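Overview (structure and organization)
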Amino acid sequence: MRTFIAIELPANVKQRVIERQRSMQRLLDEQGVGSSFRWTPPDNLHLTLRFLGDTSDAQRRQIETALATIAGQNSTFQLALQGAGAFPNLRKPNILWLDFGGDLSVLAPLQQRIELAAQQAGFAPETRAFTPHLTIARAQKSAAPATLARAGEALRKVVAATATPTLFKVEAFHLVHSDLRPDGPIYTPLATLALK
């Protein structure tokens, strides 16, 4: 079973994300590159704290126990969905994202404790630094590099614009099962870990 640990977004925040996705889609359509991206469905929008990958039953039990302890030692906090960007950059936009502000000084140590718990459960250390972001679209595999470059250029103004932050309270995080399907992944929460 493939799993990951994530913060779910409230319905009103997801609605705001959908509006921003639609706005970007219109912009790309106007430039003739509208089919360049596959947009993340509302049900799959989340802030990944740690991707675990293949998880045995024993690892699942161990990580759930550790996560419950971590949740019980951390209080609720606020995050804010903010500006847009692309990985690796706008010249080659493979992933479109929104970044987070708010209580990042609370989020970072929480994520570090989750990372340590994952390693103690037998998962390999994460090699990339934690960069809190919300993936809102992925480039289509069929999209040519030149088309993606044009899409990135079209999105440059959106990325440069200052977005009004969308605040929300983080009251829990989740252990989630990821079931890969040909038409996109299905995410099912396995455990909800409530913050104090």
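Below is a summary of the structure that appears in this document. (Residues numbered from 1 in each chain as written. Predicted model: local features only at pLDDT ≥ 70, side-chain atom pairs only at ≥ 80, totals over all residues. Heavy atoms only, no water.)

**Overview of the overall build of the protein**
The condition is simple: Strands here mean DSSP runs of E at least two residues long; helices mean DSSP runs of H or I at least four residues long; both are numbered from the N terminus. Every radius of gyration here is taken over C-alpha atoms, with the globule rule written as 2.2 Å times N^0.38, N being the number of residues. Only protein chains enter the accessibility calculation, which uses a 1.4 Å probe; a residue is then buried when its area is under 20% of its type maximum, exposed when over 50%, and partly exposed in between. The contact rule is simple, with two residues in contact once any of their heavy atoms fall within 4.5 Å. Working definition of accessibility: Shrake-Rupley area with a 1.4 Å probe, residue cover restricted to the visible protein chains. We count Lys and Arg on the positive side and Asp and Glu on the negative side, and we leave His and both chain ends out. Lys charges are placed at NZ, Arg charges at CZ, Asp charges at CG and Glu charges at CD.
For the protein, the count of helices and strands is four helices and nine strands. Sequence-ordered secondary structure for the protein, helices as α and strands as β, is β-α-β-β-α-β-β-α-β-α-β-β-β. Over its C-alpha trace the protein gives a radius of gyration of 17 Å, about what one expects of a compact globule, namely 16 Å for 196 residues. Seen through its principal axes, the protein has C-alpha atoms that stretch 50 × 35 × 25 Å. For the protein, with 196 residues in total, the buried portion stands at 43%. Across the protein, the fraction of contacts at a sequence separation of at least 24, relative to all contacts at a separation of at least 6, is 78%. A total of about 10,300 Å² of accessible surface is found on the protein, and carbon and sulfur atoms cover 51% of it. Measuring between centres, the 22 positive side-chain charges of the protein sit 4 Å from its 16 negative side-chain charges.

**Digging into the packing of aromatic side chains**
Stated precisely, the cut-off is as follows: Whether two aromatic rings pair depends on their centres lying within 6.5 Å, for rings of Phe, Tyr and Trp, where Trp uses its six-membered ring; planes under 30 degrees apart make the pair stacked, over 60 edge-to-face, and the rest tilted.
Under the defined criterion, the tally for this structure stands at four aromatic pairs. Both rings, one in Phe 4 and one in Tyr 187, keep their centres 5.0 Å apart while their planes meet at 80°; by these two values the pair is edge-to-face. With Phe 4 in strand S1 (residues 2–8) and Tyr 187 in strand S9 (residues 186–194), this pair connects stretches of sequence that are 183 residues apart. Overall, the relative accessible area of 4% leaves Phe 4 in the buried class. Arranged with centres 5.4 Å apart and planes meeting at 40°, the rings of Phe 87 and Trp 97 form a pair that is tilted. Here Phe 87 is found in strand S4 (residues 77–89), whereas its partner Trp 97 is found in strand S5 (residues 92–102), with ten residues between them in sequence.

**A few points about the pairing of strand S6 (residues 133–139)**
What counts is decided by this rule: Two strands qualify as a pair provided DSSP detects at least 2 bridges between them.
Counting buried residues along S6, five of its seven residues qualify, which places the element largely inside the surrounding structure. In this sheet, S6 lies alongside strand S2 (residues 37–39) in antiparallel orientation, the contact comprising three bridges. Bridged to Phe 37 within S6 is Ala 139. Sheet topology places S5 next to S6; five bridges connect them, and they run antiparallel. Across the sheet, the residue bridging to Leu 96 is Ala 137, located in S6.

**Considerations on helix H3 (residues 104–120)**
Since the α-helix packs 3.6 residues into each turn, any two residues three or four apart lie on the same face. Note the threshold: Expected helix span is taken as 1.5 Å per residue step, with the number of steps being one fewer than the number of residues. Note that the arc is computed from the directions linking the helix axis to the C-beta atoms.
Look at H3: 24 Å from first C-alpha to last across 17 residues, which is about the 24 Å you get at 1.5 Å a residue. Restricting attention to buried positions, one finds in H3 the residues Leu 107, Leu 110, Gln 111, Ile 114, Glu 115, Ala 117 and Ala 118. Down the axis of H3, the buried side of the element spans an arc of 160°, and every buried residue falls inside it. Looking at H3, the residues exposed on the side facing more than 90 degrees away from the buried face are Ser 105, Gln 112 and Gln 120. Residues of H3 that are buried sit in contact with S1, strand S3 (46–54), helix H2 (57–72), S4 and strand S8 (172–179).

**Topic: the nonpolar core**
Put simply, the rule is: Working definition of a nonpolar core: buried Ala, Val, Leu, Ile, Met, Phe, Trp, Tyr and Cys residues. They are joined through side-chain atoms within 4.5 Å.
Counting residues in each nonpolar core, the largest one holds 50 residues, and the members touching the most others are Ile 7 and Phe 173. Leave out the neighbours within four places in its chain, and Ile 7 touches His 46, Leu 47, Leu 49, Phe 77, Leu 79, Leu 107, Phe 168, Val 170, Ala 172 and Phe 173.

**A short note on the sheet that holds S9**
Let me state the cut-off plainly: Fitting a line to C-alpha atoms yields each axis, with helices limited to the stretch in contact; the angle taken between N-to-C directions then spans 0 to 180 degrees.
Strand order in this open sheet of four strands is S3-S1-S8-S9, and the pairing throughout is antiparallel. Sheet topology places S3 and S9 at the edges, where each strand pairs with a single neighbour. Between one strand axis and the next, the sheet turns through 25° on average, direction left out of account. Direction of pairing for S8 relative to S9: antiparallel, over a ladder of eight bridges. Opposite Leu 175, over in S9, you have Ala 191 as the bridge partner.

**Comments concerning the packing of helix H1 (residues 11–30) against helix H4 (residues 145–160)**
This is how it is decided: Orientation labels follow simple angle bins: below 35 degrees gives roughly parallel, above 145 gives roughly antiparallel, 65 to 115 gives roughly perpendicular, and whatever is left gives oblique. Note: crossing handedness is left-handed where the near helix turns anticlockwise from the far helix by less than a right angle, and right-handed where it turns clockwise. Gly falls in the polar group here, along with every residue not listed as nonpolar (Ala, Val, Leu, Ile, Met, Phe, Trp, Tyr, Cys, Pro) or charged (Asp, Glu, Lys, Arg).
It is the contact of H1 with H4, at a shortest axis distance of 9 Å, that shows an interaxial angle of 135°. The angle between H1 and H4 places the two elements in the oblique class. The hand of the H1/H4 crossing is right-handed. Taken together, the residues of H4 that come into contact with H1 (itself represented by Met 24, Leu 27 and Leu 28) are Ala 151, Ala 154, Leu 155 and Val 158. Of the residues in the contact of H1 with H4, the class split is seven nonpolar, no polar and no charged.

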